[in-house]
Amino acid sequence: MKVLVAVKRVIDYNVKARVKPDNTGVDLTNVKMAMNPFCEIAVEEAVRLKEKGVASEIVVVSIGPKVAQEQIRTSLALGADRGILIETDEEVQSLDAAKLLKAVFEKEQPNLVILGKQSIDSDNNQTGQMLAALTGMPQGTFASEVAVEGDKVNVTREIDGGLVTVALNTPAVITTDLRLNEPRYASLPNIMKAKKKPLELTSPADLGVELKPSLTTLKVEEPATRQAGIKVADVAELVDKLKNEAKVI
Amino acid sequence: MAKDKIGMALSAVNKFAGSPLVNKLKLRKPAEKIAYVSTRAGFQVLSSANAKVQQAKDFFTPPETKDLQGAELFDLSLSEEQQLIKDSLDRFSSEVIRPSAHQADNDEQASDAIYQQANELGLAAYSASEEYGGYSDTPSVLTNILIAESLANGDMGIACALLSTVSAANALTRWGTEEQKTSWLTPIIKSLDKPQALYATIAINEPMPLFTPDRLTTNVIPTNDGYKLNGKKTAVAIGDKADFLLVAAVTPNGQPKLFIVNSALKGISITPSHNMGLKAAELCSIDFDNVQLPEDALLGDDNFCYQTFIDLANLAWCALSIGCAQAIQDYVVNYCNERTAFGEPISHRQSVAFMIANIGIELESMHLLTYRAASRADQGLPFHREAYLAKVLCSDKAMEIGTNGVQLLGGHGFIKDHPVERWYRDMRAIAILYGLHV
């Protein structure tokens, strides 16, 4: 079974994001970048499938500037077999990403595509679903458990009311939730082996996809700073404030 | 505000000086000259700079600076492999080592789970070449420094424990004969994924006043079938756990050498010692009483250089101090921004801010001296002077940063709820210990 995993280069989750002074976006100068945590879970799941003998080859694909190679190398160090970077300096929105991934899907013909449920920079939670729709593949989103049985894959999904398990025919799209697994640390020997694994560079034009942003960012702002709370003397005052000031009861 | 503008302008002219366009137009020297002159001039025209700075910024901002790889630039960035190793170990350090550091300090040992996880990372396999089970064609001192630094950022005691085996493996890789590598190095690497892994350590320090590694009293006397080892070593990390030791001892003609000593040999007695810091490193005292060593116990052949060995040991301790100092800096910055007194964060007080700024400056100098020594070592250039300077600076500043860390936390620095008191205790070891190797 061949597995395709999509990974995204995003601002490191430990970094406190700062908004650009002109409110056009997040300031990325000199900011540490890393692999999106949900993508890391996706890579880990693919590597586990390979260790179980279910997957035979893991291909990692990323879309972004040339430096996004770092995230592909990290995936290779975690255990993926080869990488593809679709190189572009343009902004890539969910639909464009899904179209690019569809092109890679058609070329690579994997049996399973695993993606993070969303990236922590734009929090769209769209690409996996769009890819499934564009390719006509069944989808198992927010996976907390993945079990492959022959040419079927059972995906346990985390939904508001609890868990739901869906059975999908392969090829299928899976998007990972936080509790699917705990990604490993890349070991030193594997990091050194990763250097020798193939990494192919391509571009949206090579894949016949034209990037057309469908959304325009109007303004990016910091969240409002929290105001200090107050102390109330008794329950009566609290109820009064809730009724008349906060107007919640 | 003026500072920011000047900063922007400086960065713009520097970017211009470094842009690939400049190379193409053969303007490298003139451009660097501009950068130099304008940097100097920049400070002189600070007051009237504002409007011009904006213009300069628009004019000088090169269209593309990301792929900047000008060969003539003084480049301090890490290689892709080094960055990957550092990223992976930094995470391991903050998610695994740091949370267990307090417990390990209390227990005076790191848990088996930590050793096992570290073994899975294959630290000891880094330097070894493929024929001995490793993966490295060109082991680098600098990469070893980065490894030590990352681990010590989690906890210096645990780092010291984990690095003992790595250090022994590094020393065997660098100095050992082919037979020694096959019989001592390969088994360590092969055992990394087994439940019962092999451990090793290096014993240099001796219990005497004003100890220096070039005045050893531990000695060997050649015998018909090998050597007889006598003496006393102290502050040997994981001394009790190690399956074999590399022991520094002096030969009858006064030459200091290293000997590979199986810790199960007759005449060796190991006593755990209880120390102020580095508790998780399980420091031990070891007595050697007429220990009979085989002929091939002498590490390496004529290639062994004791001075270089000590220089590399010193660099390892520099790396530990840098990792720990970084942890202190990050901790006090957060603390002083959050802790309020007189209605504002204490970082607004100059006496606090200056202290933190000094930690930043000192830490950067420790970094640069250490990296420079390591990079000279990797290039095969003499690096004794650089390693020595780094060691003196790091020993000195490690203690100062440790003390200041505690000071900045005020009363909180004194209690065990915050890790700074532990870091302070650990930092005292930098100036006095030797038993590691990068």
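First, a word on what this report is: a plain description of the structure on this page.

Each value, and the rule that gives it
- Residues numbered from 1 in each chain as written.
- Chains lettered and ligands numbered in written order.
- Predicted model: local features only at pLDDT ≥ 70, side-chain atom pairs only at ≥ 80, totals over all residues.
- Heavy atoms only, no water.
- Helix = DSSP H or I, 4+ residues; strand = E, 2+ residues; numbered from the N terminus.
- Buried < 20%, exposed > 50% of the residue type's maximum accessible area, 1.4 Å probe, protein only.
- Contact = heavy atoms within 4.5 Å.
- Areas by Shrake-Rupley, 256 points an atom, 1.4 Å probe, with all protein chains shown as cover.
- Lys, Arg positive; Asp, Glu negative; His and termini not counted.
- Charge placed at Lys NZ, Arg CZ, Asp CG, Glu CD.
- Buried area = accessible area lost by both parts, 1.4 Å probe.
- Salt bridge = Lys/Arg side-chain N within 4 Å of Asp/Glu carboxyl O.
- Polar contact = N/O pair within 3.5 Å; in protein donor to acceptor, adjacent residues only side chain to side chain.

1. Notes on the overall build of chain A
Scanning chain A for helices and strands turns up 6 helices and 11 strands. Along the three orthogonal principal directions, the C-alpha set of chain A runs to about 65 × 40 × 40 Å. Evaluated residue by residue, chain A yields a buried proportion of 46% over its 249 residues. Within chain A, contacts between residues separated by at least 24 positions form 70% of all contacts whose residues are at least 6 apart in sequence. Entry remark: accessible area of chain A is about 13,100 Å², with carbon and sulfur atoms responsible for 50%. Seen as two clouds, the 32 positive and the 35 negative side-chain charges of chain A have centres 3 Å apart.

2. Overview of the environment of B:L84
The topology assignment puts B:L84 in helix α5 (residues 80-107). The buried category is assigned to B:L84, whose relative accessible area is 9%. Residues contacting B:L84, with those up to four places away along its chain left out, are A:E70, A:R73, A:T74 and A:I191.

3. A look at helix α2 (residues 69-78) of chain A
All names here are of chain A. Counting buried positions over the 10 residues of α2 gives 8, a clear majority of the element. Those residues of α2 that sit buried are Q69, Q71, I72, R73, S75, L76, A77 and L78. Looking one or two residues past α2, G79 carries a phi angle of roughly 135 degrees, positive in sign.

4. Quick look at the interface of chain A and chain B
In this assembly, 20 residues from chain A lie in contact with 23 residues from chain B. Broken down residue by residue, the surface that chain A buries against chain B is led by A:Y185, A:L188 and A:M192, which jointly contribute 39%. Put simply, chain A and chain B have 4 salt bridges between them. Residue A:R73 is joined to B:E80 by a salt bridge in which the shortest nitrogen-to-oxygen separation is 3.4 Å. Put simply, chain A and chain B have 8 residue pairs in polar contact (both at pLDDT 80 or more) between them.

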